[in-house]
Structure formats: structure tokens, C-alpha cells
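Chain residues, written in single-letter form:
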Amino acid sequence: DTEVTQTPKHLVMGMTNKKSLKCEQHMGHRAMYWYKQKAKKPPELMFVYSYEKLSINESVPSRFSPECPNSSLLNLHLHALQPEDSALYLCASSRSGGRDEKLFFGSGTQLSVL
Amino acid sequence: DAKTTQPTSMDCAEGRAANLPCNHSTISGNEYVYWYRQIHSQGPQYIIHGLKNNETNEMASLIITEDRKSSTLILPHATLRDTAVYYCIVRPVITSGTYKYIFGTGTRLKVLA
């Protein structure tokens, strides 16, 4: 199994809603990542978890709250988002070391904030 | 973090080799060069990576200059399905086990029939 699964594929939410994005991998990877991608722009790194601990936070606003319940799961909790937060949210995972270290991406969650 | 510079867009005729350049003049000795591509809002797909030596796999070849300040991704026989945005990434190690993949602006490759 070389897949990273993201749910939901599409999400529409109001500015007062609370929602969560989910990401799952069963490749035994120990690093997991959240990226945000606006239309026609490259993916922007948001968070990195390594061995279930948050190791990188790229100065992301607190209305985005990541969680890594175990080595296979990564969540992104959303609260009080703004319309400019509408984007494709990508999850990725990697082995966290070794010559063959590389990112595996999910297909993303397309988020619209109304 | 080492910065990458790529041309904004390129065209390539179907069946010909596509050569995509990347400049990474501030790369450090322990930083790998990675290439990913993204087809129309799907998740980016890994293509190839290398440190110093040239690399080849079933998808592409990676040529890294001796001074490591630039590299070229080669798709030997481009097809219409290779139309995508291609990203060159220089990957530093932050701490042991933590890696930071920062995407540059990428090259939009269009393969023409």
C-alpha cells in the first residue's frame, strides 16, 4: 500500500464552523506533512510531524490546529477560517530518513470558506 | 533554505526529450535535489532525486552539475500525459529525522501533439 488517503475530497464551510481534515497512511512512515496550495501557486509547507511530535510550524495562524493521534493518522482542525483560507490542502508522508527518503502525497482536500 | 529558480513555462513536442533546468546556486553539501510534478490539482508526484551523481529511473534522468549549483530533469520521450507543473526542490535536514521540502515556483511544461 503506497497511498496517502485524505478525506473529505471537498469541503465547504462557513466562517463560524469547526471542521477537520483527515489524512491516513499505512506505509510505516514516521513523518507527516500538511501543505496549503492556492490556485496556480506552489504548495506551501504548513506543519511537519516527526515521530508523532510537531517539529515544524511555518508560522501558521492558530485557526489551523494540527494533530497527530498516532503514526498513521494526521488531522487538521479548522476553526473560524476566513475566505482567503480557501485552497487545496495536501497531506504527505515520508520515511523520515534513508537514501530513499521522499514525499508521498494524497490527492488533497479542496476547501471553500464562505 | 536553499532557493531554486526555474523557467516559468516550456513547450516540448511529443516524442522529443524535455529538458527542464533548475538553478540552486546556494545548495549545501548535504542537501538533495528532488523533482516532483503536479498534474492539474492532483497531489504532487515524485519523479527522481539525487545528491551528486546523475540518476536515472523509469520516469526520467537527473543531471546534476559537478559544482551542484544547477540540475536538469530529462524526460526522454515526452508524451501528452507529461503536461504538468514540474517542481525542483532542495531538501535540507532540520534535525535528524525532520525534513523540510520547500517547493519553488515550478515550470509549467506543455507537451504539444
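Read on for a plain summary of the structure. Predicted model only: the values in this text are computed from it and were never measured. (Residues numbered from 1 in each chain as written. Chains lettered and ligands numbered in written order. Predicted model: local features only at pLDDT ≥ 70, side-chain atom pairs only at ≥ 80, totals over all residues. Heavy atoms only, no water.)

Considering the side chain of histidine 24 of chain B
Residue and element names in this part refer to chain B.
(1) Moving on: You can see histidine 24 is positioned in the loop between strand E2 (18-23) and strand E3 (32-38).
(2) Moving on: Classification of histidine 24 as buried rests on a relative accessible area of 0%.
(3) Moving on: A polar contact is formed between the side chain of histidine 24 and the side chain of serine 71, at a distance of 3.0 Å.
(4) Moving on: Excluding anything up to four places from it in sequence, histidine 24 contacts Lys3, Thr4, Val33, Arg68, Lys69, Ser70, Ser71, Cys88 and Val90. (Helix = DSSP H or I, 4+ residues; strand = E, 2+ residues; numbered from the N terminus. Buried < 20%, exposed > 50% of the residue type's maximum accessible area, 1.4 Å probe, protein only. Polar contact = N/O pair within 3.5 Å; in protein donor to acceptor, adjacent residues only side chain to side chain. Contact = heavy atoms within 4.5 Å.)

So, the interface of chain B and chain A
(1) Moving on: Counting residues at the interface gives 23 residues for chain B and 26 residues for chain A.
(2) Moving on: Buried surface at the junction of chain B and chain A, summed over both partners, amounts to about 1,800 Å²; 55% is from carbon and sulfur atoms.
(3) Moving on: When the buried area of chain B at its contact with chain A is split by residue, Tyr99, Tyr101 and Phe103 of chain B rank highest and sum to 27% of it.
(4) Moving on: The interface formed by chain B and chain A holds 1 salt bridge in total. (Buried area = accessible area lost by both parts, 1.4 Å probe. Salt bridge = Lys/Arg side-chain N within 4 Å of Asp/Glu carboxyl O.)

As for the environment of tyrosine 46 of chain B
(1) Moving on: Checked against the element boundaries, tyrosine 46 of chain B lands in strand E4 (residues 45-50).
(2) Moving on: Taking the relative accessible area as the measure of exposure, tyrosine 46 of chain B reaches 18% and is therefore buried.
(3) Moving on: Taking the C-alpha atoms as reference points, tyrosine 46 of chain B and leucine 62 of chain B, separated by 16 residues in sequence, lie 13 Å from one another.
(4) Moving on: In this view, tyrosine 46 of chain B contacts Lys102 and Leu103 of chain A together with Tyr34, Trp35, Tyr36 and Met59 of chain B; residues no more than four positions away in its chain are not counted.
(5) Moving on: At 2.6 Å, the side chain of tyrosine 46 of chain B and the side chain of histidine 49 of chain B are in polar contact.

Details of the side chain of arginine 37 of chain B
Residue and element names in this part refer to chain B.
(1) Moving on: You can see arginine 37 is positioned in strand E3.
(2) Moving on: At 2.8 Å, the side chain of arginine 37 and the side chain of aspartate 82 are in polar contact.
(3) Moving on: Every residue in contact with arginine 37, bar those within four places of it in the chain, is listed here: Gly43, Pro44, Gln45, Ile47, Met59, Arg81, Asp82, Ala84, Val85 and Tyr86.

Concerning the state of the cysteines
(1) Moving on: Applying the stated criterion across every chain, the model contains 2 disulfides over all chains.
(2) Moving on: Across the disulfide, cysteine 23 of chain A is cross-linked to cysteine 91 of chain A (sulfur-sulfur distance 1.8 Å). In this structure, the disulfide formed by cysteine 23 of chain A and cysteine 91 of chain A twists by about -70° around the S-S bond and is classed as left-handed. On the criterion of sequence distance, the pair formed by cysteine 23 of chain A in strand E3 (residues 18-25) and cysteine 91 of chain A in strand E9 (residues 87-94) is long-range, its members being 68 residues apart. Each member of the pair cysteine 23 of chain A and cysteine 91 of chain A is classed as buried.
(3) Moving on: Covalent S-S linkage joins cysteine 22 of chain B and cysteine 88 of chain B, the inter-sulfur distance amounting to 2.1 Å. Note on the cysteine 22 of chain B and cysteine 88 of chain B pair: the S-S dihedral is about -80°, so by sign convention the disulfide is left-handed. Of the two residues, cysteine 22 of chain B sits in strand E2 while cysteine 88 of chain B sits in strand E8 (residues 84-91), which places them 66 residues apart along the sequence.
(4) Moving on: Residue classification places cysteine 88 of chain B among the buried residues on the basis of a relative accessible area of 0%.
(5) Moving on: In this model cysteine 68 of chain A remains outside any disulfide bridge; the closest cysteine sulfur is found in cysteine 91 of chain A, 9.3 Å from its own. (Disulfide = S-S within 2.5 Å.)

Structural notes on the sheet that holds E3 of chain A
Residue and element names in this part refer to chain A.
(1) Moving on: What the 4 strands build is an open sheet, ordered E1-E3-E8-E7; its pairing is antiparallel. What marks the edges here is a single partner per strand, and that holds for strand E1 (4-7) and strand E7 (64-70). Averaged over neighbouring strand pairs, the angle between their axes works out to 20° when direction is ignored. (Pairing = 2+ DSSP bridges. Axes fitted to C-alpha atoms, helices over the stretch in contact; angles between N-to-C directions.)

Re the packing of aromatic side chains
(1) Moving on: For the structure shown, the criterion picks out 14 aromatic pairs over all chains.
(2) Moving on: Residues tyrosine 33 of chain A and tyrosine 101 of chain B carry aromatic rings whose centres are separated by 6.0 Å and whose planes lie at 80° to one another, so their mutual orientation is edge-to-face. On the criterion of chain membership, the pair formed by tyrosine 33 of chain A in strand E4 (residues 31-37) and tyrosine 101 of chain B in the loop between strand E10 (98-99) and strand E11 (107-112) is interchain, its members lying in two chains.
(3) Moving on: A relative accessible area of 0% places tyrosine 33 of chain A in the buried class.
(4) Moving on: With 5.6 Å between their ring centres and 50° between their planes, tyrosine 35 of chain A and phenylalanine 105 of chain A make a pair best called tilted. Taken together, the positions of tyrosine 35 of chain A in strand E4 and phenylalanine 105 of chain A in strand E10 (residues 104-105) put the pair 70 residues apart, joining distant regions of the chain.
(5) Moving on: Relative accessible area serves as the criterion here: at 0%, tyrosine 35 of chain A is assigned to the buried category.
(6) Moving on: When its relative accessible area of 12% is taken as the criterion, phenylalanine 105 of chain A is described as buried.
(7) Moving on: Here the aromatic residues Tyr33, Tyr35 and Phe105 of chain A together with Tyr32, Tyr34, Tyr36, Tyr46, Tyr87, Tyr101 and Phe103 of chain B are joined through ring pairs into a cluster of three or more. (Phe/Tyr/Trp six-rings, centres within 6.5 Å; stacked < 30°, edge-to-face > 60°.)

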